[in-house]
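Per-entry structural report
Listed below are the residues making up each chain.
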Amino acid sequence: MLAMIRLLRPHQYVKNLFVFLPVFFALQIFELGHLVEATVAFLCFSAVASAHYVFNDYMDREEDRKHPTKKNRPLAAGTVRPGLALSVAAVLFCGATLAAWLFSYRLGLLLLFYLLLNVAYSVKLKHLAVLDVMTIAFGFVLRLMAGSVVTGIPLSPWIVVITFLLALFLALAKRRDDVLIFIEKGERTRPVIDGYNLEFLNAAMVLGASITIVGYIMYTLSPAVVDRLGSDRLYLTVFFVIGGIMRYLQITFVEKRSGSPTEILLKDGMIQLSLAGWILTFAALIYMHL
């Protein structure tokens with residue numbers, strides 16, 4: 001049972017909290033109806049995400065056995081039978097998609113597209129350099145769209161672009177970790193690393209970090225955003241964004257442990273402090289008008 005839980009990767013559900021962002025930025029976080037709708041989307045996305053993780057681990061089990069940490073995944077380690085794993089994945093996908101369809105056919109269609117995209121990623125796209133990290137980043141945009149379709153809250157172009165840029169930055173850091181393993185240990189954990197090297201990834205990460213920060217600054221100073229959110233002090237949250245991104249760059253370039261963004265979020269104190277500071281400050285500015 002413990003191995004099966006590890007296979008489903010419940011700690012990764014933190015990514016699906018992006019479905020709540022449309023409600024947060026629309027100043028409706030205290031609207032019970034919208035919170036319930038977003039929670040349904042969160043649960044459905046989490047179930048489908050687990051189904052994809054199982055399928056991806058099934059496809060990668062031979063390569064994972066060469067990885068210093070991924071070799072401990074249940075399918076790679078042999079602690080869960082492949083047939084059982086795929087059966088659980090099928091049940092999760094069918095159950096979540098049916099529930100989503102009954103709740104909102106748009107959410108059902110979005111979940112189906114999300115799974116098809118991730119299956120394409122597991123089978124082919126993850127072997128194509130650049131396209132692989134862009135696919136991962138687009139998955140976060142789909143989470144935003146899920147929160148939008150169930151609540152009826154339109155998405156701001158700002159939130160879509162900045163979310164994509166931030167997710168792309170994190171995906172590049174993850175790929176850099178794969179390249180480092182190959183350089184230091186000679187283990188080719190992913191065929192796609194042939195399309196990357198440290199020079200390219202370092203430049204791409206710095207570029208991504210810079211564009212993300214500048215884009216966020218422009219967002220906080222945008223007259224339309226200031227007018228809609230009712231605060232001209234949103235720029236105060238920029239400090240937390242810069243601090244969080246710089247800390248992630250430090251983790252990537254200095255500490256060389258950017259292989260799991262979720263684990264970094266759950267374990268790194270400075271990242272957590274930056275995120276908490278951003279959420280509290282942003283919420284205070286737009287909800288309490290401080």
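What comes next is a walk through the structure. (Residues numbered from 1 in each chain as written. Predicted model: local features only at pLDDT ≥ 70, side-chain atom pairs only at ≥ 80, totals over all residues. Heavy atoms only, no water.)

Looking now at the pattern of salt bridges. Considering all chains together, one arrives at 8 salt bridges under this definition. The partner of Asp132 in a salt bridge is Arg175, and the shortest N-O contact between them spans 2.8 Å. In this pair, Asp132 sits in helix α7 (residues 131–151) while Arg175 sits in helix α8 (residues 157–185), placing the two residues 43 residues apart along the sequence. By the burial criterion, Asp132 is buried, and Arg175 matches it. Through salt bridges that share partners, Arg247, Glu255, Arg257 and Asp268 make up one connected network. (Salt bridge = Lys/Arg side-chain N within 4 Å of Asp/Glu carboxyl O. Helix = DSSP H or I, 4+ residues; strand = E, 2+ residues; numbered from the N terminus. Buried < 20%, exposed > 50% of the residue type's maximum accessible area, 1.4 Å probe, protein only.)

The tally for this structure, following the rule as stated, stands at 0 disulfides. With no disulfide of its own, Cys94 has Cys44 as its nearest cysteine by sulfur position, at a separation of 13 Å. Owing to a relative accessible area of 48%, Cys94 belongs among the partly exposed residues under this scheme. (Disulfide = S-S within 2.5 Å.)

Let us look at the packing of α8 against helix α9 (residues 198–221). Interhelical geometry of α8 versus α9 gives an angle of 160 degrees and a closest axis separation of 9 Å. When the axes of α8 and α9 are compared, the pair comes out roughly antiparallel. For the pair α8 and α9, the sense of crossing is left-handed. Contacts from Trp158, Ile162, Leu165, Leu166, Phe169, Leu172, Ala173, Arg175, Arg176, Val179, Leu180 and Ile183 in α8 reach Leu198, Leu201, Asn202, Ala204, Met205, Ala209, Ile211, Thr212, Gly215, Tyr216, Met218 and Tyr219 in α9. A breakdown of the residues in the contact of α8 with α9 according to their chemical character gives 19 nonpolar, 3 polar and 2 charged. (Axes fitted to C-alpha atoms, helices over the stretch in contact; angles between N-to-C directions. Parallel < 35°, antiparallel > 145°, perpendicular 65-115°, else oblique. Left-handed = near helix turned anticlockwise from the far one by under 90°. Contact = heavy atoms within 4.5 Å. Nonpolar A, V, L, I, M, F, W, Y, C, P; charged D, E, K, R; others polar.)

A separate point is α8. The terminal C-alpha atoms of α8 lie 42 Å apart, and with 29 residues this matches the ideal 42 Å at 1.5 Å per residue to within 8%. Near the N-terminus of α8, the side chain that reaches the backbone nitrogen of Trp158, with its oxygen 3.1 Å away, is that of Ser156. Phi for Gly186, located one or two positions after α8, is positive at around 75 degrees. (Expected span 1.5 Å × (residues − 1). Polar contact = N/O pair within 3.5 Å; in protein donor to acceptor, adjacent residues only side chain to side chain.)

Membership of the largest hydrophobic core comes to 41 residues, with the highest contact counts inside it found for Phe25, Tyr216, Tyr219 and Phe282. Contributions of two or more residues to this core are made by α2 (21–25), α7, α8, α9, α10 (223–229), α11 (238–253) and α13 (269–287). The greatest single-element share of this core, amounting to 9 residues, is contributed by α8. Residues contacting Tyr216, with those up to four places away along its chain left out, are Ile162, Thr237, Val238, Val241, Trp278 and Phe282. Counting residues in each nonpolar core, the second largest holds 37 residues, with Phe45, Ala51, Val80 and Ala146 among its members. (Core = buried A, V, L, I, M, F, W, Y, C linked by side-chain atoms within 4.5 Å.)

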